[in-house]
Amino acid sequence: VQLVESGGGLVEPGGSLRLSCLASGSTFRLNTMGWYRQAPGKQRELVAELDSGGGTNYGDAVKGRVTISRNNYAKNTVFLQLYGLKPEDTAVYYCKVTAWGTETGTLGSYWGQGTQVTVSL
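All of the points below concern the structure found in this document. Per chain, the residues get numbers from 1 upward, laid out in the order the sequence is written. Predicted model: local features are reported for residues with pLDDT of at least 70 only, side-chain atom pairs are reported and counted for 80 or more only, and whole-chain, interface and lining totals are derived from all residues. Calculated side-chain values reflect all of the structure's heavy atoms, with hydrogen atoms and water omitted.

### Focus on the overall build of the protein chain
- We count a stretch as a helix when DSSP gives it H or I for four or more residues in a row; a strand needs E for two or more, and each element gets its number in order from the N terminus. Summing up its helical and strand segments, the protein chain has 0 helices and 11 strands in all.
- Shown N-terminal to C-terminal, the secondary structure of the protein chain runs as helices and strands in the order β-β-β-β-β-β-β-β-β-β-β.
- Projected onto its principal axes, the C-alpha coordinates of the protein chain cover approximately 50 × 25 × 20 Å.
- Relative accessibility under 20% of the residue-type maximum defines a buried residue, over 50% an exposed one, and the middle range a partly exposed one, all with a 1.4 Å probe and only protein chains included. Among the 121 residues that make up the protein chain, the fraction classed as buried is 42%.
- Residues are treated as being in contact if the distance between any of their heavy atoms lies within 4.5 Å. Put simply, 55% of the contacts in the protein chain that link residues at least 6 apart link residues at least 24 apart.
- Every accessible area reported is derived by Shrake-Rupley at a probe size of 1.4 Å, with residue values counting cover from the shown protein chains alone. As displayed, the protein chain offers around 6500 Å² of accessible surface, 49% of which is attributable to carbon and sulfur atoms.
- Distance from the positive charge centre (11 side chains) to the negative charge centre (9 side chains) of the protein chain: 3 Å. We count Lys and Arg on the positive side and Asp and Glu on the negative side, and we leave His and both chain ends out. For charged residues, the charge sits on one atom: NZ in Lys, CZ in Arg, CG in Asp, CD in Glu.

Below is the structure:
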């Protein structure tokens, strides 16, 4: 599974940003799709995740300020809409998916390369 993230950048406090993550490959079936973030000197933490049934799980630090969704047709792209951004949201945001190998029958975890989000005046 290859993951390509986009949409990061510099935004002012109170602003919004939309991140995208495209999953590609030929021999897998997606299970969960989500976003994590890591700020300098801090542990990586959950931002939001979609399970295979469409249920959502949001990190406490961002609840009420983010929405996670998938594209309706191919369901291979996950979006993260961030609202009301604060300086403490500054971090590298990583896409993470879990997927079943259609040939191996095993569940693997895959991470994107990360996209920087900076919230500052």
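Following the structure, the description resumes.
### As for the state of the cysteines
- Cysteine sulfurs are considered disulfide-paired once they come within 2.5 Å of each other. Here the structure, examined in full by the defined rule, presents 1 disulfide.
- Between the sulfur atoms of Cys21 and its disulfide partner Cys95 the distance amounts to 2.1 Å. Torsion about the S-S bond of the Cys21 and Cys95 cystine: about -80 degrees, corresponding to left-handed handedness. In this pair, Cys21 sits in strand β3 (residues 17-24) while Cys95 sits in strand β9 (residues 91-101), placing the two residues 74 residues apart along the sequence. For the pair formed by Cys21 and Cys95, the shared burial category is buried.

### A look at the sheet that holds strand β7 (residues 66-70)
- In this analysis, strands are considered paired if DSSP registers two or more bridges between them. What the 4 strands build is an open sheet, ordered β1-β3-β8-β7; its pairing is antiparallel. Pairing within the sheet leaves two strands with one partner each, and these edge strands are β1 (2-6) and β7. Mean inter-strand twist for the sheet, computed between neighbouring axes without regard to direction, equals 15 degrees.
- Pairing of β3 with strand β8 (residues 77-82), which is carried by 6 bridges, proceeds in the antiparallel orientation. Of the residues in β8, the one forming a bridge with Ser20 is Phe79. Every axis in this analysis is a line fitted to C-alpha atoms, fitted for helices over the stretch in contact. Angles between the N-to-C directions lie between 0 and 180 degrees.

### Quick look at the nonpolar core
- Among the buried residues, those of types Ala, Val, Leu, Ile, Met, Phe, Trp, Tyr and Cys that are joined through side-chain atoms within 4.5 Å form a nonpolar core. Counting 28 residues, the largest nonpolar core has Leu19, Trp35, Val47, Val78, Leu80, Leu82 and Tyr93 as the members making the most contacts within it.
- Of all the elements in the fold, those that place two or more residues in this core are β3, β4 (28-38), β5 (45-50), β7, β8, β9 and β11 (115-119).
- Each residue touching Leu19, except ones within four places of it in the same chain, is listed here: Ser6, Gly7, Gly8, Trp35, Val78, Phe79, Leu80, Leu82, Tyr93, Thr115 and Val117.

### Considering the side chain of Asn71
- As for its placement among the helices and strands, Asn71 is situated in the loop between β7 and β8.
- Within 3.5 Å is the distance limit for a polar contact, defined as a pair of N or O atoms, with the added protein rule that one can donate a hydrogen and the other accept it, and that residues adjacent in sequence qualify only through two side-chain atoms. A polar contact is formed between the side chain of Asn71 and the backbone nitrogen of Asn76, at a distance of 3.0 Å.
- In this structure the side chain of Asn71 is engaged in a polar contact, spanning 2.9 Å, whose partner is the backbone nitrogen of Thr77.
- Look past the residues within four positions of Asn71 in its chain and what remains in contact with it is Asn76, Thr77 and Phe79.

Remember, this is a structural readout, not a statement about activity or role.
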